[in-house]
Amino acid sequence: MILPGRAHVGHILRYVGRPLVWLLAWDVAVTAVWYFVGPGWVEFPALPLTLLGSAVAVYLSFRNTTAYARWWEARTLWGAMVNASRTLARDALTLLPDRSLAVTVAHRQIAYVHALRMHLRRQAPWEELEAHLGTDELKRLRSVANVPNAIHADTAVLLPESRPDPILLATLARTMSDISNAQGGMERIKNTPLPQQYATYPAIFTHGFCLLLPLGLVESLGLYTPLGSTVAGFLFLALLQIGNDMQNPFENKEDDVPLTTLTRSIEIDLRDMLGEHHGLEPVKPVDGILW
Amino acid sequence: MILPGRAHVGHILRYVGRPLVWLLAWDVAVTAVWYFVGPGWVEFPALPLTLLGSAVAVYLSFRNTTAYARWWEARTLWGAMVNASRTLARDALTLLPDRSLAVTVAHRQIAYVHALRMHLRRQAPWEELEAHLGTDELKRLRSVANVPNAIHADTAVLLPESRPDPILLATLARTMSDISNAQGGMERIKNTPLPQQYATYPAIFTHGFCLLLPLGLVESLGLYTPLGSTVAGFLFLALLQIGNDMQNPFENKEDDVPLTTLTRSIEIDLRDMLGEHHGLEPVKPVDGILW
Amino acid sequence: MILPGRAHVGHILRYVGRPLVWLLAWDVAVTAVWYFVGPGWVEFPALPLTLLGSAVAVYLSFRNTTAYARWWEARTLWGAMVNASRTLARDALTLLPDRSLAVTVAHRQIAYVHALRMHLRRQAPWEELEAHLGTDELKRLRSVANVPNAIHADTAVLLPESRPDPILLATLARTMSDISNAQGGMERIKNTPLPQQYATYPAIFTHGFCLLLPLGLVESLGLYTPLGSTVAGFLFLALLQIGNDMQNPFENKEDDVPLTTLTRSIEIDLRDMLGEHHGLEPVKPVDGILW
Amino acid sequence: MILPGRAHVGHILRYVGRPLVWLLAWDVAVTAVWYFVGPGWVEFPALPLTLLGSAVAVYLSFRNTTAYARWWEARTLWGAMVNASRTLARDALTLLPDRSLAVTVAHRQIAYVHALRMHLRRQAPWEELEAHLGTDELKRLRSVANVPNAIHADTAVLLPESRPDPILLATLARTMSDISNAQGGMERIKNTPLPQQYATYPAIFTHGFCLLLPLGLVESLGLYTPLGSTVAGFLFLALLQIGNDMQNPFENKEDDVPLTTLTRSIEIDLRDMLGEHHGLEPVKPVDGILW
Amino acid sequence: MILPGRAHVGHILRYVGRPLVWLLAWDVAVTAVWYFVGPGWVEFPALPLTLLGSAVAVYLSFRNTTAYARWWEARTLWGAMVNASRTLARDALTLLPDRSLAVTVAHRQIAYVHALRMHLRRQAPWEELEAHLGTDELKRLRSVANVPNAIHADTAVLLPESRPDPILLATLARTMSDISNAQGGMERIKNTPLPQQYATYPAIFTHGFCLLLPLGLVESLGLYTPLGSTVAGFLFLALLQIGNDMQNPFENKEDDVPLTTLTRSIEIDLRDMLGEHHGLEPVKPVDGILW
C-alpha cells in the first residue's frame, strides 16, 4: 500500500511512463505528417471522438469502481480477520477452562494468519511456520492442498480437549467459522480475477482511443496537438492504470493490501493479550510503501 | 471462466464477429450510396445521434453493472458454499461424538455440492452420485423435484443420530441453514433472469443505433465512414455482448462461474480434512478456460 | 415475470404504444407547421435540448436503478422465504421430538406462504386456506388485520408443545424470526411506493422533453423530423416505462415477482421433504409469462 | 409520505414555486435588457454553461442518491422495528413461562415505539405514554436523556423475572438487541445530517447556474429565452428540491417516513397477537398524505 | 461535524480560498496576455477541454462517492458502538447474577469508548482514563500497542467471575465481539487511506484542468474570461475539496465524525441506565461545529 504524500510528479510520470512516451511520439508523428504532408491525410472530424470517448468512459468508470470494490473488500476481509483473531484469543482466554490450551490456540492463530498471507501470495510458508508449529504437523501440512485451512481445522480439533461447556464450545465454533468465511472471501478474490472482458477490453479501447486522439484534434489544435493530445491521453491512461493496480490486491506488489503489516499487527495484539514480552514492532514503511 | 491473458485480438474479433461483419457491410453500403447517388439521400444530422448515444449508454451501463453484479453474487454464493462446506466438515469432526458419522456427513456434503452443480446446469447427476450415495436413496431422489435439497434434508436427519449435545446440534443446524441459504440464492439467480425489458431493449437499441451511425457520420467522415462507424459500433456491440455473457452465470458456457473447479476444490479440501489419500488434482484450465 | 424470448418488436411497440402514437402525431404536426407555415414559428435551438436531455437522463437513470433495486429486493426476500421455509421444515423434522407436530408445522408454513401471497396481492385468501387450516382458526383470522402474521404467530405457539430441548426451540425461534423479517421486508416494499417526486416527475419531464424534441430538431432534420424525433422519444419513453413496470413488484401484473410460482415451489419442496405423494407440478408459464 | 396519484401539476408548481417565480422574473429581465439595450451586455457563450451544467449534475445526482438512501434506510430501520416488535411479542408469548408477563412485555413494546416516534420528532411523549406506563416510571423517565432507551432497558429488567430457561432468555435478549440496533440506526440518521458541503453547495451552485442560464441562452433563443430558461431551471430546481425533501426523514413534514402509521400498525399487530379487541383502525391518509 | 445553517458564502469562499485566489490571478493574467499581446498566444480550442472535463468528472465523482462512503461507514460503525454499548450494559444488568459486576462492566465500557476515541485521534488517553481505571491497569496499558483493545480484553476476563449461566456468558461474549468488530472497522478506515492514486491524481488533474480553462475559454468569453473561468474552477475545486474533507473521518478536524459528542452520549446513556446522577450534559456545538 502506497502511503499518502509520496505521489510526486516524477512518480506519476514513471507510473504511466512507457505508454505515455509512445503516445507522445505518435502525437508528434501525426502532427508532423499534418504539417509537412498536408491536412487531408490525417484529419478526422470530431463527432466519433466524443462518442468513442463516452463509451470508453463507461468502460473505465465501471472498471475502476469494480477494481476498487475488490481492493476494499479484500481490505475489509482482512479487517474481519483481525477482529476474529482478537475475538478468538479473547474467548479462548475467557471461556476455556484451561489457560495453557488458550495460549496454544492464540499461537496457532498467529501461525494461521502468517500461513494465510503466504498462501495468498503463493509463497512457501515453511520457514515462517517452523517457529510456531511442531515438525509432525509441518510434515503433514506439506501434503495438503490448502495449508491455512488445514492449520485451522487442526486448531478446531484441539478446542473440545479441555471439555468446555458445550455452549462455550459453540461460541468458539462460531468464531472459527467467521475466520473460515474471511479466508474463503480472500480466496474468492484471489482466484476469481475480474472477467477478461472487463480486464482486457478497456485496455484495448483506451489505447485505440489514444491513437485516434491526435487524428481528431490536429485540425483544430494544429501545432499544439502533441501537448493537448498527450495531456488528454495521460488522463485516460492513468484511469486505466489505476484499475490495473487495484484489481488484484494479493500479488506482492506495492499496491497490495498490506498483508505483512496486518499479520504483524495481529501477532502483536494477540501476544499483548497473552501478556507476553515479545519486543515486536509494527511494520515500518519502506520508501513510503507499506507491505 | 476465461483466464487472464487469453483475450488476444483474434478472440475479440470472433467475440462480436458476426454482427460486426454485418455492421461493416452496412457501413460500406451507406458510404457507397452517399458517394455514388449523392449526399441528400443518406445524410442525418448530428444532434439525435448524440442524444440516442447517451440514452443507449444509460441502458448499457445499467445492464453491465447489473449483469456483473449477478455474476459476482453467484461467485460469492459459491464462495459461501465453500466456506460452509469446510465449516460443516470441521464442526462434524469436532463436535459430533461419533467420528464415523462425521465422515459420512462430509462425504454426503461432497455428493451434495456435485448434485447442486448438476442441478444448476440442468444436467442429470445420477452417474456422479452413484459413487457417493446408496441405491435406495438414489431411487428415492429420482422422484423429487429438487435433488440437492433432498440430499441436504437427508443429511440433516442423520445429525441427531449420535445424540450430540443439543447446543452442538444447534450449531450444526445453523451451518446446514447457511448451506440452504447459499443454494437458495443460486436458484434465485438461475430462475430469475434479468427482466426482459433490460435484456431485450438494450440489444434492439444498440443494433438500431449502430444502423443509424453511418447515416449520421457520412457527411463529415466521407470515405472514412466505414472505419469510424465500425470502430464506434464495435465498442457499443462489445459493451452489449459483455452484458450478455455475464448475466447468466450457470449455463455451462465459457463465461460461467467455474462450478466444476469449485466443487472439485471443495471435495479436495474436505477429503484433506478427513485425512484421506484421494489423489485428486485441482481442475486444470482447458484452452485458457476454467469450467 | 416475462420469460426470455418473448419481447418481439410487436410486443415492444404495444409496450409504449399509446404515448408513441401521440408523439408521432405531434412530430408530424410540428414538421407540417414548419414546412407549410415557415421555420420561424417552431424552431428551437439546440442547447437547451442537450441540457434538458441530460437532466432528464439523471432522473430516469436514478429511477430505473431504484425501481430495479426494489424488484430485485422483493425477489431476494422471496428467496429468503424459500430458504427459511425449507429450513423450518428441515429443523422441525430433525429437532422436534414429535414427527406429527413437525408435519403440522410444515403444512402450516405452506398455508402461511399462500396467505402471504394473497395478502401482498390484496386478494381474499379464505378459499385457498380452507384446505390447510381448521374452521376455528379461519374464523378468528377473519378479525385480524394481518392474516399471514396471525397464522405465523399461531404456528409459533405450537412449537413448544412437544417440549423440545430449549436450545432446539431457540433454533426454531430464530428461523421463525427469519420468516418474520422476510415478510416485513415484503410489506415494506408493498406499502412504501417510490416517493411521489421520483415517481411523477420523471414522467412529466420525459413527456415534456418528448414534446420539445421535434421543435429542437426540425431545423436540422427537416422532413426527417418525425423519424428522428420518434426514435429518440421511443428510447426515452421505454426507459420511463421500464421504471414504471419494475417499481411495484406485488401488483398481480405480468412484471410481478412470480409469487404463484414461488409459493407452489415451496409447497412442492416441503411436501417432498415430508415424503408425501402430492402430484403437484411447478407452475407453467402462460403466454411466456410466469405468474 | 405523499401517496401516489396526488402530484398534479398544481402541486408541483407550488412545490418549487417561489424560486421558480424569481427565476422567471430574472429570465424576463435578462431578455428585456438584451432586447432593448443590446446583446453586447448580456451574452455569455455556450461552453461554460455545459461545463457548469455537468458539474452541477454531478452534485445533484450524488446528493439525490444519498438523500434517497437515507430515506430508504430510515424506512428499512422502521421495517426492522416492525419485525422485531412482532418477534418480541411472539417469543414472549411462546417462550416465557408466564403469560401475564408476556402481555406486559408486548404492551411495553407498544409504549416504546410510540415513545421512539415522539423522540425522533422531538415531541413530548408524556401524554401518550400515560396510557401504557405507571406514574412511577413516567416520573423517572422525565430525568433521563433518552426516553425510549430507558423504557427499553426497563423492559429488559422484567424479562428474567419469571425465571425462563437461560437459552430462551438469551433468545429474547437477542431480539431486544435487534430493537436497540434499529433505534440506534434511526438516531444516527436523525442526528447526523448530510454533511454541510453536500447540503449547501448544491443549493448555491444550482441557484447560481439558474442565474447564468438566461445569459447563456439569450443569444440563441432570443425572445423564447424566458420559456427555455425557466423550463430548464425548473428541472434543476426540482432535482434540488427532491434532495431537500428526502434527506431528513424524521422532521414531521409531509415527506417523512410515516411514523404515525407505522407505530399504529405495530400496535394493531401486537394487540391482535394478544387476542385483544382493540377497535383500532390503520391510520388514514389526510389529503393524500400518510403521517 | 459542521452543523446545518453555518455554510454562509464567507465560509465557502474561505473554504477553497487560497487556490481560488491563485486561479483568479491566473485567469486575469491569461486574459491580459490575450488582450494586450494578441490571441494567437493563448487560444486553445474547445474539444480537449470537454474531453478533459469529462475525464476529470469521472475522477471527482468516483472520489466523492468513495470519500462519503468512508465517512458514513465511520459514522455507522460508531452507531454500532452506541448500540453495542447500550446492549452490553443492558445485558450485564439483566443477565449477570452480580449487580456490582454489571456496574463495573458498564463503567469499563465508558472508559473503553473514551480510550477508543483517543486512539483513533492519536491522542494520549491517560488523563481521561485515570477517572475510570485503577493505577495497576493503567500502568500495564502503557506497554501495549492497542490500549482500547487491551481494556476490552480485560473486561472480558471479568465477565465469567460471577459464574453466570454459560448461555448468558455466551450472549455477553457475542456483544463483546460486536464491539470488537466495530473497533476493527474504525481502525481499518483510520489505517487504510484512500489509495494514493485516487487521493493524489484528482488533485493534480483538477488543478491542471483549472489552469487550462482560461486558455480554452478566452477566445469566446473575451474579457469575461476571469469571471466564467473562476466560477467553473470554483465548482471543480469545491468538488475536489469535499472529497478531501470527507475521506479521513478521524483526524480531529471540523469535518470529523463527532467522536467527543458520541462518546459523551454513550456515557450519559449508560449512566442513566445505571440510575446514576451524573449531571453530564450532551456536548454543545462550538461555532456551529460539533466535535
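Each chain carries its own residue numbering, running from 1 in the written order of its sequence. To read the labels, note that chains go from A and ligands from 1, taken in the order they are written. Side-chain atom pairs in this predicted model are given and counted only at pLDDT of 80 or more, local residue features only at pLDDT of at least 70, and totals for whole chains, interfaces and linings cover all residues. Excluding hydrogens and water, the side-chain values take into account all heavy atoms of the structure.

An unreviewed UniProt entry lists chain A under the name Bestrophin, with Luteibacter flocculans given as the organism.

J.: With reference to specific residues and values, describe the interface of chain A and chain B.
T.: Any pair of residues with heavy atoms lying within 4.5 Å of one another is described as a contacting pair. Across the boundary between the two partners, chain A contributes 54 residues, which contact 53 residues of chain B. For the pair chain A and chain B, the summed buried surface comes to about 4,600 Å²; carbon and sulfur atoms form 71% of the total. Salt bridges are identified by distance alone: a Lys or Arg side-chain nitrogen within 4 Å of an Asp or Glu carboxyl oxygen. Across the contact surface, chain A and chain B share one salt bridge. In protein, a polar contact means a hydrogen-donor-capable atom and an acceptor-capable atom, both N or O and within 3.5 Å, with residues adjacent in sequence counting only if both atoms are side-chain atoms; elsewhere, any N or O pair within 3.5 Å suffices. For the pair chain A and chain B, the number of links is seven residue pairs in polar contact (both at pLDDT 80 or more). Segments assigned H or I by DSSP are reported as helices when at least four residues long, segments assigned E as strands when at least two residues long, and all are numbered from the N terminus. Elements supplying a minimum of two residues to the side of chain A that touches chain B: α3 (46-95), α7 (147-158), α8 (166-191) and α9 (196-221) of chain A. Under this grouping Gly is polar, as are all residues other than the nonpolar Ala, Val, Leu, Ile, Met, Phe, Trp, Tyr, Cys and Pro and the charged Asp, Glu, Lys and Arg. Residue classes in the side of chain A that touches chain B are distributed as 33 nonpolar, 16 polar and five charged. Reported buried area values correspond to the accessible surface (1.4 Å probe) lost by two parts on association, with both partners' losses combined.

J.: Summarise a negative patch on the surface; cite the residues concerned and give the values.
T.: Like-charged residues within 9 Å of one another, or nonpolar side chains (Val, Leu, Ile, Met, Phe, Trp, Tyr) within 5 Å, are grouped into patches, provided each residue has over 30% relative accessible area and no salt bridge. In this description, accessible areas are obtained by the Shrake-Rupley approach with a 1.4 Å probe, and a residue is regarded as covered only by the protein chains that are shown. The charged-residue count follows a simple rule in which Lys and Arg add positive charge and Asp and Glu add negative charge, with His and chain termini not counted at all. Where a charge lies is defined by one atom per residue type, namely NZ (Lys), CZ (Arg), CG (Asp) and CD (Glu). Judged by side-chain charge, A:Asp165, B:Asp165, C:Asp165, D:Asp165 and E:Asp165 come together as a negatively charged surface patch. Relative to the helices and strands, D:Asp165 is located in the loop between α7 (147-158) and α8 (166-191). Whether a residue is buried, partly exposed or exposed follows from its accessible area with a 1.4 Å probe, protein chains only, as a fraction of its type maximum: under 20%, in between, or over 50%, in that order. Under the relative-accessibility criterion, D:Asp165 is labelled partly exposed at 31%.

J.: Lay out the relation of the copies chain E and chain A with the relevant residues and their values.
T.: One copy of the chain maps onto the second through a rotation around an axis plus a translation along that axis. A residue counts toward the fit only if its pLDDT is at least 70 in both copies, and the copies are then superposed by least squares on the C-alpha atoms of those residues. Rotating chain E by 72° about the axis while translating it 0.0 Å along that axis superimposes it on chain A, leaving an RMSD of 0.0 Å. Viewed as a symmetry operation, the transformation between the two copies matches a five-fold axis. Taking the C-alpha atom as reference, chain E places E:Ile167 closest to the rotation axis, 5.2 Å from it. A distinct binding surface is used by each copy, with only 4% of the interface residues of chain E retained as interface residues in chain A.

J.: So, the interface of chain E and chain A: which residues are in play, and what are the values?
T.: Chain E puts 55 residues into the contact, and the matching count from chain A is 53 residues. Here chain E and chain A share an interface that buries about 4,500 Å² over both sides, 71% of which is from carbon and sulfur atoms. Our count for the contact surface shared by chain E and chain A stands at one salt bridge. A:Arg86 serves as the salt-bridge partner of E:Glu187, at 2.9 Å between the closest nitrogen and oxygen. Every element with two or more residues in the side of chain E that touches chain A is listed here: α3 (46-95), α7 (147-158), α8 (166-191) and α9 (196-221) of chain E. With 17 residues, the single largest contributor to the side of chain E that touches chain A is α8(E). By residue class, the composition of the side of chain E that touches chain A is 33 nonpolar, 16 polar and six charged.

J.: Explain the relation of the copies chain A and chain B residue by residue, including any values.
T.: Overlay of chain A on chain B (RMSD 0.0 Å): rotation 72°, translation along the axis 0.0 Å. Residue by residue, only 4% of the interface of chain A is reproduced at the interface of chain B, so the copies engage with different surfaces.

J.: How would you sum up α7(D)? Please name residues and give values.
T.: A turn of α-helix holds 3.6 residues, and therefore any two residues three or four places apart point the same way. Residues and elements named next belong to chain D. Helix length check: α7 (twelve residues) gives 17 Å between terminal C-alpha atoms against 16 Å at 1.5 Å per residue, within 8%. Within α7, eleven of the twelve residues are buried, which leaves it mostly tucked inside the rest of the structure. Turning to α7, its buried residues are Val147, Pro148, Asn149, Ala150, Ile151, His152, Ala153, Asp154, Thr155, Ala156 and Leu158. Where α7 begins, the side chain of Asn146 points an oxygen toward the backbone nitrogen of Asn149, at a separation of 3.1 Å. Expected helix span is computed as 1.5 Å times (number of residues minus one).

J.: Can you break down the UniProt feature "transmembrane region" (unreviewed entry) in chain A residue by residue, with the values?
T.: All names here are of chain A. UniProt positions are given in the numbering used here, feature names are shortened, and annotations may be inferred rather than shown by experiment. Here, the residues flagged by UniProt with the feature "transmembrane region" (unreviewed entry) are residues 20-38, 44-62, 198-217 and 223-243. Across residues 20-38, helical content stands at 95% and strand content at 0%; the span's end C-alpha atoms are separated by 26 Å. Secondary structure over residues 198-217 splits into 100% helix and 0% strand, and the C-alpha atoms at its two ends are 28 Å apart.

J.: Lay out the pattern of salt bridges in plain terms, naming residues and giving numbers.
T.: In this structure the tally under the stated criterion is 50 salt bridges over all chains. With its nearest N and O atoms 2.8 Å apart, the salt bridge here joins B:Asp269 to B:Arg86. In this pair, B:Asp269 is assigned in helix α11 (residues 259-273) and B:Arg86 in helix α3 (residues 46-95), connecting sequence segments 183 residues apart. This pair shows no difference in class: B:Asp269 is buried, exactly as B:Arg86 is. For B:Glu137, the salt bridge identified is with B:Arg108, shortest N-O distance 2.6 Å. Of the two residues, B:Glu137 sits in helix α6 (residues 135-141) while B:Arg108 sits in helix α4 (residues 99-120), which places them 29 residues apart along the sequence. On the basis of relative accessible area, B:Arg108 is assigned to the buried category, the value being 8%. Here the residues in one salt-bridge network are A:Arg86, A:Asp269 and E:Glu187, joined through shared partners.

J.: For the arrangement of the chains, give the residues involved together with the corresponding values.
T.: No interface is formed between chain A and chain C, the nearest pair of C-alpha atoms being 10 Å apart. As for chain E relative to chain B, no contact occurs, and the smallest C-alpha gap between them is 10 Å.

J.: Describe the environment of D:Gln247, listing the residues and the values that go with them.
T.: Residues and elements named next belong to chain D. Inspection of the secondary structure puts Gln247 in helix α10 (residues 225-247). Classification of Gln247 as buried rests on a relative accessible area of 9%. Separated by 57 residues in sequence, Gln247 and Lys190 have C-alpha atoms that sit 9.8 Å apart. When residues no more than four places from it in sequence are discounted, the contact partners of Gln247 are Arg63, Ala67, Arg70, Leu194 and Ala199.

J.: An account of unusual backbone geometry is needed here, citing residue identities and associated values.
T.: All names here are of chain E. At Arg122, a residue that is not glycine, the phi angle is positive and equals roughly 55°. By secondary structure assignment, the location of Arg122 is in the loop between α4 (99-120) and α5 (126-130). Located in the positive-phi region is Asn252, a residue other than glycine, with phi close to 60°. Position of Asn252 among the secondary structure elements: in the loop between α10 (225-247) and α11 (259-273). What makes Asn252 partly exposed here is its relative accessible area of 33%.

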